[in-house]
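Chain and residue survey
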Amino acid sequence: MVPSREGPRPCVDDSSQGALDHSVCPGVGIDYPRLYEVHYGRHPDNWLTGIVQKVRTGHAADPTIRLAGASGGVLTRVLQYLLETGRIDGAVVAKQGIPSPMEASAVIATTPQEVLDCAGSVYIQVPMIPALARFEPGKRYAFVGTPEQTAVLRELQRRGDARARQVAFVLGPYTGTALSPRALEYYLRSNKVAKEDPVTSVQWRAGKWPGYLEIQTKSGVILRSPKVYYNFLIPFFVTDTSLLSRDFCNEFADLAVGDAWSPKFENAGEGGVSVVVTRTPEMETVIAEMCNKGLLALEEADPAKAGDMHGHMLDFKKRGGYLRGRMRRFFGRPAPDYGYRPARIAFPRRAVELIISSVFFLCRSAPARWIVCRIPERILGPFFNWMRLRWKALSRPTKRKGLAQYDVIITSR
Ligand SMILES: Cc1cc2nc3c(=O)[nH]c(=O)nc-3n(C[C@H](O)[C@H](O)[C@H](O)COP(=O)(O)OP(=O)(O)OC[C@H]3O[C@@H](n4cnc5c(N)ncnc54)[C@H](O)[C@@H]3O)c2cc1C
């Protein structure tokens, strides 16, 4: 994918990818069933969560790393450990603020401190694959990417790309929705920040979990918005990739990590807690080793219960993503082909998708964006949060129904 003002676009004609094979692109589609066969040697038993060695919940033992992380700082601590134990020479990570405070880029961290400096989530999508072009021959790397990026990386490895094969460990966040870079511009306008007052820093998950968006400007303006409030940006600025992807749990990452959204952890008020999924024996060894050394405070969890924390987003991707792709094709627009489709989707779920897609269609239009940046966030944030919770409660029975029996039909051959 390549960046654009509206977020990542399919990388057709993309010279920024150097010699990388730009026919491998999530905008076009990745054959998930075939990739599963090649990479894991089999299809997953559960197509919602992918192949799983173990599921755990917890956080980095070091409180500084836990606080710096988006949820429990687990991705950061594992990357540091891979460097400390000489398993890798560098890690491809994302950093907000490069090349300018409003932008984010991939960087290659080679020390634990550099990894820590890149902790936290960046909610605009960052092109990570081009960083492979900066690999030094003979060195081994870890790669952090969103689900579509890790799938592209695995596809490049499958095709024998020499640089992709230098990646020894793939790590990634669960990824629900990423925003168009324009979201920040609109957010500033809605908070009446003058165009002449440049932004000096952006943090997406500042402070204590679940954190807040914090933006500072040269004149000293500091904007702070709790995560649940700035979620109002999602319907207006969500990327096409987020709407069409079918992978929430980062199915091709050796280690996939998400927020542990459950009242048990959210109400404890102790700090960030992550859901941590190992998918390969090699990564399971690393995590077990780190737990034994007291570097990670993790507890094994029942995969079904852990999956329940993210039922809404799993449905959004696995059934919603498929239906939205079909709708796009119906209107003559391209949509990615992932080589499989849900075996059954009941009529009520299809009807709910019509509502969801209409909302996205309307909200992402220019007039809706114009209006939204004129409503103060102190009104829109709480209102959107209230609407979101109401909608979640209302659509929950339909969105959850049949999800536990989610089955697929392979369409790629
Ligand atoms: C766009 C996006 C959407 C997400 N949506 C959800 C969701 O709906 N539900 C959920 O449970 N979790 C979601 N997450 C995951 C969550 O925000 C945390 O990233 C995850 O829990 C890992 O936390 P951590 O503390 O272990 O990570 P940290 O220790 O903070 O490490 C995060 C690592 O990921 C890298 N990184 C950050 N942003 C990006 C990016 N955009 N692209 C590539 N690498 C990146 C950082 O450089 C860092 O190395 C999302 C993450 C992103 C980036």
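Given the structure is predicted, the values throughout are model-derived calculations rather than measurements.

**A few points about the site of the ligand**
Around the ligand, 35 residues are found, and the nearest of them are Gly73, Thr76, Ala94, Gly120 and Ser121. Contact between the ligand and Ala70: an oxygen atom at 2.8 Å from a main-chain N or O atom of the residue. A distance of 2.7 Å is found between an oxygen atom of the ligand and a backbone nitrogen or oxygen belonging to Gly120. Relative to its unbound accessible area of 920 Å², the ligand is 97% covered by the protein chains. Listing elements by their share of the shell around the ligand, those giving two or more residues are α3 (74–84), β2 (90–96) and β9 (255–259). The greatest single-element share of the shell around the ligand, amounting to four residues, is contributed by α3.

**Observations concerning the confidence of the model for the chain**
The share of residues in the chain with pLDDT of 70 or more is 94%, and the mean pLDDT across the chain is 92. Segment residues 12–19 is flagged for pLDDT under 50; beyond a separation of four residues in sequence, or across chains, it makes 11 contacts in the model.

**Here's the deal with the sheet that holds strand β6 (residues 199–206)**
Backbone-to-backbone hydrogen bonds pair the strands of a sheet. The strands run either parallel or antiparallel. Within the open sheet, the three strands sit side by side as β6-β7-β8. Their pairing is antiparallel. Each edge of the open sheet is held by one strand with a lone partner, namely β6 and β8 (222–226). The mean angle between the axes of side-by-side strands here comes to 10°, regardless of whether they run parallel or antiparallel. As paired elements, strand β7 (residues 212–217) and β8 share five bridges and run antiparallel to each other. Among the inter-strand pairings, Ile215 is bridged to a residue of β8, identified as Leu223.

**Looking at the packing of helix α1 (residues 32–40) against helix α5 (residues 147–158)**
Two numbers describe how α1 lies on α5: the axes approach to 11 Å, and their chain directions differ by 60°. On the basis of their axis angle, the class for α1 and α5 is oblique. Relative to α5, α1 is oriented so that their crossing is left-handed. Of α5, the residues touching α1 (which contributes Tyr32, Arg34, Leu35, Val38 and His39) are Pro147, Ala151, Arg154, Glu155 and Arg158. Residues of the contact of α1 with α5, tallied by class, amount to five nonpolar, one polar and four charged.

How each quantity is defined
- Residues numbered from 1 in each chain as written.
- Predicted model: local features only at pLDDT ≥ 70, side-chain atom pairs only at ≥ 80, totals over all residues.
- Heavy atoms only, no water.
- Near = heavy atom within 4 Å.
- Polar contact = N/O pair within 3.5 Å; in protein donor to acceptor, adjacent residues only side chain to side chain.
- Areas by Shrake-Rupley, 256 points an atom, 1.4 Å probe, with all protein chains shown as cover.
- Helix = DSSP H or I, 4+ residues; strand = E, 2+ residues; numbered from the N terminus.
- pLDDT = per-residue confidence, 0-100.
- Contact = heavy atoms within 4.5 Å.
- Pairing = 2+ DSSP bridges.
- Axes fitted to C-alpha atoms, helices over the stretch in contact; angles between N-to-C directions.
- Parallel < 35°, antiparallel > 145°, perpendicular 65-115°, else oblique.
- Left-handed = near helix turned anticlockwise from the far one by under 90°.
- Nonpolar A, V, L, I, M, F, W, Y, C, P; charged D, E, K, R; others polar.

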